[in-house]
Amino acid sequence: MSKVVASSTKTDLSGRKVLLRVDINCPIGKDGKLLDISRIKIHAGTVRRLLDEGAAVVILAHQGRPGMDDFTDLHQHSIALSKETGYEIQFVPDVMGPEAIERIDKLRPGEALMLDNVRFLAEESIEASGEFHAKSYLVRRLAPHFEYYVNDAFATAHRKHASMMGFPYVLPSLAGDVMEKEVLALSEIKDPALSPKMFVLGGAKVSDSVRILKNILGSSFGSYVLLTGLISELFYLASGVVLGKASRDKLEKAGALPLVNSARELLLKYRERIYLPPDYVLEDGSVLLVGKGVADNKLIKDVGPQTIERYGELMKEAKVIVLRGPAGVIEESQFRKGSTALMRAALSTDAKVIVGGGHLTSILEDLPESERRKAHNSTGGGALLLFLGGEELPAIEALARSAEKFKLNGIELP
Ligand code: 3PG
């Protein structure tokens, strides 16, 4: 069903104080530095436009998840954003304390300030409605200092978090440039005439992937999924195929064992539309043929040559190919091969190709411009797949409700 949200590109924000939510969640290397800043580059366009038009812009964002190695502050993000926008993006190591509030109040039109990682606040990550989050301390504390809220964080639009849901309830709220562009571009791809659709799904966020698979396989599109990475290891475990102790331990460490039953149910229901890799590359570089041997204590690090060939053949039939999550441990250069080969295979077909999420962008960017220009490089990982699987994204719903509540002139989103 189409919905109306108000657009920041069609609203005069000059001289206004704007709270801008972006998704600049980046892969972080072992040295703590940003590995890939493509999301920062993409949101730089929105920030620069708002500053050019004379808004005072306060940027709110997250990085990583509590307990993970990539859970860091946003200082280096603000430096990278300054470089990309050509404006000084001030940084305050505070989200809503007295220093943050003082700096927000002092900010003048044409100036920008980045607050620190909003996930430093425990209440941010509670999954709840806009009404609930409107009463969060974050929203009660920050909202009175702003005239508008702009949500540009398409890649977080599937999270019902305070910074995504609460502000539209109390402030006139608009979709940012990235949010608008993504929703319009991706809606085209939902066209049922563009079938079959194939989802090449890897990466490490296993619980998200299971939820996403349920949507994709259960949607009316009849899509196919070609699994790689840790999620494929989970599906092998669910189907009773033994890959080895190291694989099982890795799944346990990732908290994925409770998902075995869900994976089994999906296999029972949709077996003919779920593909699993026939081979893997192990940490010592050897190849494991699934069903012909066991990896024991050696870690699986990539998909193998037979998988690349088989998946490449399957992709030739597709009208839409969505790649999300790396096929291997791409932080180690020798294990980028599978992800790179699958990306190239997708780009060599006639299908529309969408690349989702931070990690795969770095694979795409390593390819020559002539190959990579064909892809729509979406900022979204999980959000992208849920959207394409037909799920309503709560942050977009929240913007639509805000447009109605504050009687904002809207644009229709499909
Ligand atoms: C992402 O990278 O998909 C978004 O930034 C959301 O991050 P999350 O999966 O940690 O909520």
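What counts, and where the lines are drawn
Residues numbered from 1 in each chain as written. Predicted model: local features only at pLDDT ≥ 70, side-chain atom pairs only at ≥ 80, totals over all residues. Heavy atoms only, no water. Helix = DSSP H or I, 4+ residues; strand = E, 2+ residues; numbered from the N terminus. Core = buried A, V, L, I, M, F, W, Y, C linked by side-chain atoms within 4.5 Å. Buried < 20%, exposed > 50% of the residue type's maximum accessible area, 1.4 Å probe, protein only. Domains from an automatic or database assignment. Contact = heavy atoms within 4.5 Å. Pairing = 2+ DSSP bridges. Right-handed = clockwise from strand over helix to strand, strands pointing away. Arc of directions from axis to C-beta. Axes fitted to C-alpha atoms, helices over the stretch in contact; angles between N-to-C directions. Left-handed = near helix turned anticlockwise from the far one by under 90°. Nonpolar A, V, L, I, M, F, W, Y, C, P; charged D, E, K, R; others polar. 1 Å grid on protein atoms, 1.4 Å probe; cavity = no way out; pocket = protein on both sides within 12 Å on 5 of 7 lines; lining within 4 Å. Points joined across faces, edges and corners; volume = space filled by probe spheres on them. Near = heavy atom within 4 Å. Polar contact = N/O pair within 3.5 Å; in protein donor to acceptor, adjacent residues only side chain to side chain. Areas by Shrake-Rupley, 256 points an atom, 1.4 Å probe, with all protein chains shown as cover. Expected span 1.5 Å × (residues − 1).

**Some words on unusual backbone geometry**
The peptide bond linking serine 195 to proline 196 adopts the cis configuration, its omega dihedral lying at 0°. In this structure, aspartate 296 is a non-glycine residue whose phi angle is positive, near 50°. Mapping aspartate 296 onto the fold places it in the loop between strand 12 (287–289) and strand 13 (300–303). Phi is positive for lysine 407, which is not a glycine, with a value near 50°.

**Quick word on the nonpolar core**
Formed by 62 residues in total, the largest nonpolar core has its most connected members in Phe154, Leu213, Leu227, Leu234, Phe235, Ile274 and Leu388. Counting only domains with at least three residues in this core, you end up with domain 1 (3–180 + 392–413) and domain 2 (184–388). Sequence-distant contacts of isoleucine 274, defined by excluding residues within four places in its chain, comprise Leu217, Val225, Leu227, Phe235, Leu266 and Leu267. Counting 30 residues, the second-largest nonpolar core is a separate cluster that includes Val22, Cys26, Ile28 and Val150.

**Concerning the pairing of strand 8 (residues 197–201)**
Counting buried positions along strand 8 gives five out of five residues, so the element sits mostly inside the fold. Relative to strand 14 (residues 320–324), strand 8 is paired through five bridges, and the arrangement is parallel. Across the sheet, residue valine 200 finds its bridge partner in strand 14, namely leucine 323. Relative to strand 9 (residues 224–227), strand 8 runs parallel, the two being bridged by four bridges. Looking at the pairing, methionine 198 lines up with tyrosine 224 of strand 9. Once you follow strand 8 into helix 9 (residues 206–218) and on to strand 9, the crossover reads as right-handed.

**So, helix 11 (residues 245–253)**
All of the buried residues along helix 11 are Ala246, Ser247 and Leu251. Angular distribution of buried residues about the axis of helix 11 spans 135°; they occupy a single face of the element. Buried residues along helix 11 sit against helix 10 (229–238). Phi turns positive, to about 70°, at glycine 255, one or two residues after helix 11.

**Side note on the packing of helix 1 (residues 38–52) against helix 2 (residues 75–85)**
Between two packed helices, what matters for the description is the angle formed by their axes and the separation of those axes. At a minimum axis distance of 9 Å, the contact between helix 1 and helix 2 shows a crossing angle of 65°. Handedness of the helix 1/helix 2 crossing: right-handed. Facing Ile40, Lys41, Ala44, Val47 and Arg48 of helix 1, the residues of helix 2 in contact are His77, Ala80, Leu81, Glu84 and Thr85. Counted by class, the contact of helix 1 with helix 2 contains five nonpolar, two polar and three charged residues.

**Looking at empty space enclosed by the protein**
Summed over all chains, the structure comprises two cavities of 30 Å³ or more. Looking at the largest cavity, its volume works out to about 60 Å³. What lines the largest cavity is simply Val200, Thr228, Leu323, Gly325, Pro326, Ala327, Ser339, Leu342, Met343 and Leu360. Of the residues forming the lining of the largest cavity, the biggest block, three residues, is contributed by helix 14 (residues 337–347).

**Side note on the site of the ligand**
Around the ligand, the surrounding shell consists of Asp23, Asn25, Arg39, His62, Arg65, Arg119, Ala155, Arg159 and Lys205. Side-chain polar atom of aspartate 23 to an oxygen atom of the ligand: 2.6 Å apart, as the coordinates give it. Residue lysine 205 places a side-chain N or O atom 3.0 Å away from an oxygen atom belonging to the ligand. When the ligand sits alone it has 310 Å² of accessible area, and the protein chains cover 94% of it.

**What about the sheet that holds strand 6 (residues 148–151)?**
Spatially, six strands are ordered 4-5-3-2-6-7 in an open sheet, and the strand pairing comes out parallel. This sheet does not close on itself; its edge strands, each paired only once, are strand 4 (89–91) and strand 7 (173–175). Sheet twist, expressed as the mean angle between neighbouring strand axes with direction ignored, is 25°. With five bridges connecting them, strand 2 (residues 17–21) and strand 3 (residues 56–60) associate as parallel partners. Across the sheet, arginine 21 pairs through a bridge with leucine 60, a residue of strand 3.

**So, helix 8 (residues 177–189)**
Between its first and last C-alpha atoms helix 8 spans 19 Å; for 13 residues at 1.5 Å apiece the expected length is 18 Å, and the two agree. All of the buried residues along helix 8 are Val178, Met179, Glu180, Glu182, Val183, Leu186, Ser187 and Ile189.

**A word on the sheet that holds strand 13**
With antiparallel pairing, three strands are arranged side by side in an open sheet as 12-11-13. The strands lining the two open edges of the sheet, one partner per strand, are strand 12 and strand 13. Sheet twist, expressed as the mean angle between neighbouring strand axes with direction ignored, is 40°. Note that strand 11 (residues 279–282) and strand 12 share three bridges and pair antiparallel. Paired with tyrosine 280 across the bridge in strand 12 is leucine 288. Strand contacts of helix 13 (residues 305–315): strand 11, strand 12 and strand 13, with the helix running at about 140° to strand 11, the strand carrying the most contacts.

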